[in-house]
Amino acid sequence: MKILVVDDEREIRNVLRLLLEREGYEVLVAANGNDAVLAVEENPDLDLCIMDIMMPRLSGVEATELIRGF
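Draft legend 1. Seen up close, the nonpolar core. Judged by nonpolar contacts, the single largest core of 13 residues is most densely connected at L4, V6, A36 and M51. Counting residues per element, this core draws most heavily on helix α2 (residues 33–42), at four residues. Other than its neighbours up to four places away in sequence, M51 contacts V6, A36, G60, A63, T64 and I67.

Draft legend 2. Inspection of the environment of I53 at higher detail. Looking at where I53 falls in the secondary structure, it is placed in the loop between β3 (48–51) and α3 (60–68). For the pair formed by I53 and N32, sequence separation is 21 residues and the distance between their alpha carbons is 9.9 Å. When near neighbours in sequence (up to four residues on either side) are disregarded, I53 contacts S59, G60 and V61.

Draft legend 3. How the structure looks around the sheet that holds β3. Spatially, three strands are ordered β2-β1-β3 in an open sheet, and the strand pairing comes out parallel. This sheet does not close on itself; its edge strands, each paired only once, are β2 (26–30) and β3. Strand-to-strand twist of the sheet, defined as the mean angle between neighbouring strand axes without regard to direction, takes the value 20 degrees. Bridge count for strand β1 (residues 2–6) against β3 is four bridges, and the pairing is parallel. Note on β3: the bridge partner recorded for L4 is C49.

Draft legend 4. Looking closely at a nonpolar patch on the surface. Residues I53, M54 and V61 make up a contiguous nonpolar surface patch of about 330 Å² in total accessible area. Judged by relative accessible area, I53 falls into the exposed class, the value being 53%.

Draft legend 5. Examining the packing of α2 against α3 more closely. Between α2 and α3, the shortest axis-to-axis distance is 9 Å and the interhelical angle comes to 20 degrees. If you check the angle between α2 and α3, you find them roughly parallel. The chirality of how α2 crosses α3 is right-handed. Together, G33, A36, V37 and V40 of α2 and A63, L66 and I67 of α3 make up the contact between the two elements.

Rules of the game
Residues numbered from 1 in each chain as written. Predicted model: local features only at pLDDT ≥ 70, side-chain atom pairs only at ≥ 80, totals over all residues. Heavy atoms only, no water. Core = buried A, V, L, I, M, F, W, Y, C linked by side-chain atoms within 4.5 Å. Buried < 20%, exposed > 50% of the residue type's maximum accessible area, 1.4 Å probe, protein only. Helix = DSSP H or I, 4+ residues; strand = E, 2+ residues; numbered from the N terminus. Contact = heavy atoms within 4.5 Å. Pairing = 2+ DSSP bridges. Axes fitted to C-alpha atoms, helices over the stretch in contact; angles between N-to-C directions. Patch = residues over 30% accessible without salt bridge, like charges linked within 9 Å, V, L, I, M, F, W, Y side chains within 5 Å. Areas by Shrake-Rupley, 256 points an atom, 1.4 Å probe, with all protein chains shown as cover. Salt bridge = Lys/Arg side-chain N within 4 Å of Asp/Glu carboxyl O. Parallel < 35°, antiparallel > 145°, perpendicular 65-115°, else oblique. Left-handed = near helix turned anticlockwise from the far one by under 90°.

So this is what it looks like as structure tokens:
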């Protein structure tokens, strides 16, 4: 299972990545909504996206709307 973790706080991304990888998941990370959209475009086989809502530039809600568009 491939999971994308999106958060503008590096520590949160790292902790989630480490915990999920320990459970055997493949984890990708993104630091903002723009990077999340690009990551989904480049990895259409993602199974799950864990996304922060309040991020600079492009919020998690806005990024999710864009991702749902494709």
